[in-house]
Amino acid sequence: MSKALETVLEIDLSALTHNFNYIKSKLQPDTKFLAVVKAFAYGSDSVIVAKHLETLNVDYFAVAYVKEGVALRDAGVTSPILVLHPQSLNFKTLIERCLEPSIYSHHVLDEFIKIAETQSQQKYPVHIKFNTGLNRLGFLEHDVEAIVSKLENTSSIIVKSVFSHLAASEDSKELAFTQLQIKKFKSISEKFKEKLKLQPWFHICNTSGILNYREAHLDMVRSGIGLYGFGNSAQEDKNLKPIASLKSVISQIHSIENEETVGYNRAYNATSNEKTATIPIGHADGINRIYGNGNGFVIINGKKAPIIGNVCMDMIMVNITNIECKEGDEVIIFNSENTASNLSQSAKTISYEIITSVSQRVKRIVIDAK
Ligand SMILES: *Cc1c(COP(=O)(O)O)cnc(C)c1O
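Here the structure is a predicted model, which is why all the values come from computation and not from measurement. (Residues numbered from 1 in each chain as written. Predicted model: local features only at pLDDT ≥ 70, side-chain atom pairs only at ≥ 80, totals over all residues. Heavy atoms only, no water.)

Asker: Mind showing me how you'd approach helix H6 (residues 106-118) here?
Answerer: Note on helix geometry: an α-helix contains 3.6 residues per turn, so any two residues three or four positions apart are oriented the same way. If you check H6, its first and last C-alpha atoms are 18 Å apart, about what 13 residues at 1.5 Å a residue would give, namely 18 Å. Listing the buried residues of H6 in full gives Val 108, Leu 109, Phe 112, Ile 113, Ile 115 and Ala 116. Those residues of H6 that are buried are in contact with helix H5 (91-96), strand E5 (99-103), strand E6 (124-130), helix H7 (144-152) and strand E7 (157-164). Phi for Ser 120, located one or two positions after H6, is positive at around 50°. (Helix = DSSP H or I, 4+ residues; strand = E, 2+ residues; numbered from the N terminus. Expected span 1.5 Å × (residues − 1). Buried < 20%, exposed > 50% of the residue type's maximum accessible area, 1.4 Å probe, protein only. Contact = heavy atoms within 4.5 Å.)

Following this line, the structure appears as structure tokens:
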């Protein structure tokens, strides 16, 4: 791996292959694999990730918004793409770019049928989303009949899949709740199967659902965080490899005296003669201010250097009093050894948040260390 001369996010495609194969090894051979590449593939790069996953024969992609699907189509991604949270404002674009909407309410269903009929679409693929306990988006079980009757009255759309989302699949304390969600979903599936002539696919598992609820894999699974190298448990983290490394470099080193202060609002106060390093990464790059004042750290020459004082927009200062280092040395914010999951815990957040926060200002570099 190359030494960083500026702040970069390295994306390791061999790690992505590893994670894909690991998750796939948990599935029955005929269970389809949908890769969730929303939010720039969890803060990495959705085009790079999606194109690589296409070479591994992934079956489907999902993004959150239409705009994210358009970016994939612009880059030449041809696999089917489910848009988890489309807005009717963007339905025309969605259809133009062959993106497939999640339909989660009667309002959205009516709007989509209207536009599909206006365009004389035939059998445009849609995905029906059910709420089984997350209470975020989705129809309820008692909506099945009304949905089916709307479907029977139009040939403009066809239900490609029916799905739901688990609220706490990573949490063993919520086993009973998750099993209840799965049971509800199975009951919804039965109703659909009875009433629809063409059989849609059914799916409910995200990464932790895949790993913890094998009985619920059904026709397809939807993996996000696992592909990026996190399994939401110490045990599963060991089986996966973080694909992204956030690296930077020491811009300047300062020797400060006892009682000098560092940074805005003089938030850090030296308690002895100390050494600090200034790193070109700040809250505009995704290092949230919560990581300041000793909550977060970076790694320099294998040692932890705490972030001192307030995180600035474009920089942080770290304490290197006990670290051998010089200007130009590499700084690791997170990588496969010092993981985003570790760093996130120090700020009481989760891996999902820190990896998706790396802003578009940070240069992405692909490495494929086979
Ligand atoms: C984001 C998302 C996923 C992926 O979840 P992971 O925990 O990252 O695997 C799956 N399904 C839906 C509906 C989502 O919004």
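Moving on, there is more to tell.
Asker: Explain empty space enclosed by the protein to me, please; I cannot follow it from the model alone.
Answerer: Rolled over the atoms, a probe as big as a water molecule pinpoints where empty space is left. Under the defined criterion, the tally for this structure stands at 3 cavities of 30 Å³ or more. Empty space within the largest cavity amounts to approximately 70 Å³. Its residues assigned to classes, the lining of the largest cavity shows 11 nonpolar, 2 polar and no charged. Two domains share the lining of the largest cavity, each providing at least three of its residues, namely domain 1 (31-228) and domain 2 (244-367). (1 Å grid on protein atoms, 1.4 Å probe; cavity = no way out; pocket = protein on both sides within 12 Å on 5 of 7 lines; lining within 4 Å. Points joined across faces, edges and corners; volume = space filled by probe spheres on them. Nonpolar A, V, L, I, M, F, W, Y, C, P; charged D, E, K, R; others polar. Domains from an automatic or database assignment.)

Asker: What am I meant to see in the pattern of salt bridges here?
Answerer: For side chains bearing opposite charge, pairing can occur when the charged atoms are close. For the coordinates displayed, the defined rule picks out 12 salt bridges. Each of the salt bridges in this network shares a partner with another, and the network as a whole consists of Glu 10, Lys 247 and Glu 330. (Salt bridge = Lys/Arg side-chain N within 4 Å of Asp/Glu carboxyl O.)

Asker: In this structure, what is going on with the pairing of strand E9 (residues 220-223)? I would like to understand it.
Answerer: For a regular strand, side chains alternate in direction, first toward one face of the sheet and then toward the other. Every second residue of E9 is oriented toward a common face, with Met 220 and Arg 222 on one face and Val 221 and Ser 223 on the other, all of them buried. The sheet contact formed by strand E2 (residues 32-36) and E9 spans 4 bridges and is parallel. By the bridge assignment, Phe 33 is partnered in E9 with Val 221. (Pairing = 2+ DSSP bridges.)

Asker: Sorry, what's going on with the packing of aromatic side chains here?
Answerer: Each aromatic ring pair is summarised here by two numbers: the centre-to-centre distance and the angle between the ring planes. In this structure the tally under the stated criterion is 9 aromatic pairs. Members of the aromatic cluster, joined through ring pairs, are Tyr 42, Tyr 228 and Tyr 352. Geometry around Trp 201 places Lys 32 over its ring, the cationic atom sitting 4.5 Å from the centre. (Phe/Tyr/Trp six-rings, centres within 6.5 Å; stacked < 30°, edge-to-face > 60°. Lys NZ or Arg CZ within 6 Å of the ring centre and 35° of its normal.)

Asker: Looking at this model, I keep getting lost on unusual backbone geometry. Mind explaining?
Answerer: Trans is the prevailing form of peptide bonds, just as negative phi is the prevailing case for residues other than glycine. Unusually for a residue other than glycine, Asn 265 sits at a positive phi of about 60°. Along the chain, Asn 265 turns up in the loop between strand E12 (261-262) and strand E13 (268-269). Phi at Arg 266 is positive, roughly 50°, even though this residue is not glycine. Tracing the backbone through its elements, the reader meets Arg 266 in the loop between E12 and E13. Under the relative-accessibility criterion, Arg 266 is labelled exposed at 56%.

Asker: Can you walk me through the sheet that holds strand E4 (residues 81-83) in this structure?
Answerer: Strands in a sheet are paired, the pairing made by backbone hydrogen bonds, and the direction either parallel or antiparallel. Ordered in space as E8-E7-E6-E5-E4-E3-E2-E9, the 8 strands form an open sheet in which the pairing is parallel. At either end of the open sheet lies a strand with only one pairing partner, and these are strand E8 (201-203) and E9. Between one strand axis and the next, the sheet turns through 30° on average, direction left out of account. With 3 bridges connecting them, strand E3 (residues 60-63) and E4 associate as parallel partners. Its bridge partner being in E4, Val 63 is matched across the sheet by Val 83. (Axes fitted to C-alpha atoms, helices over the stretch in contact; angles between N-to-C directions.)

Asker: What's the story with the domain arrangement of the protein chain in this structure? I'm lost.
Answerer: For the protein chain, the assigned domains read domain 1 (31-228) and domain 2 (244-367). For domain 1 and domain 2, the distance between their C-alpha centres works out to 38 Å. Each side of the interface is counted separately: domain 1 has 8 residues, and domain 2 has 8 residues. Roughly 780 Å² of surface becomes buried between domain 1 and domain 2 when both sides are summed, with 67% attributable to carbon and sulfur atoms. (Buried area = accessible area lost by both parts, 1.4 Å probe.)

Asker: Would you mind going over the site of the ligand with me for this structure?
Answerer: As a structural note, the neighbourhood of the ligand is formed by 13 residues, with Lys 38, Tyr 42, Thr 207, Ile 225 and Tyr 352 the closest of them. One nitrogen or oxygen atom from the side chain of Lys 38 is found 2.7 Å from an oxygen atom belonging to the ligand. In this structure, Asn 206 approaches the ligand through a side-chain N or O atom, which is 3.1 Å from an oxygen atom. Calculation on the ligand without its partners gives an accessible area of 390 Å², and the protein chains cover 93% of this total. The pocket occupied by the ligand, as judged from atoms lying within 2 Å of grid points, is the largest pocket. Within the residue set of the shell around the ligand, elements represented by two or more residues are helix H2 (38-43) and E9. (Near = heavy atom within 4 Å. Polar contact = N/O pair within 3.5 Å; in protein donor to acceptor, adjacent residues only side chain to side chain. Areas by Shrake-Rupley, 256 points an atom, 1.4 Å probe, with all protein chains shown as cover. Sits in = over half its atoms within 2 Å of the grid points.)

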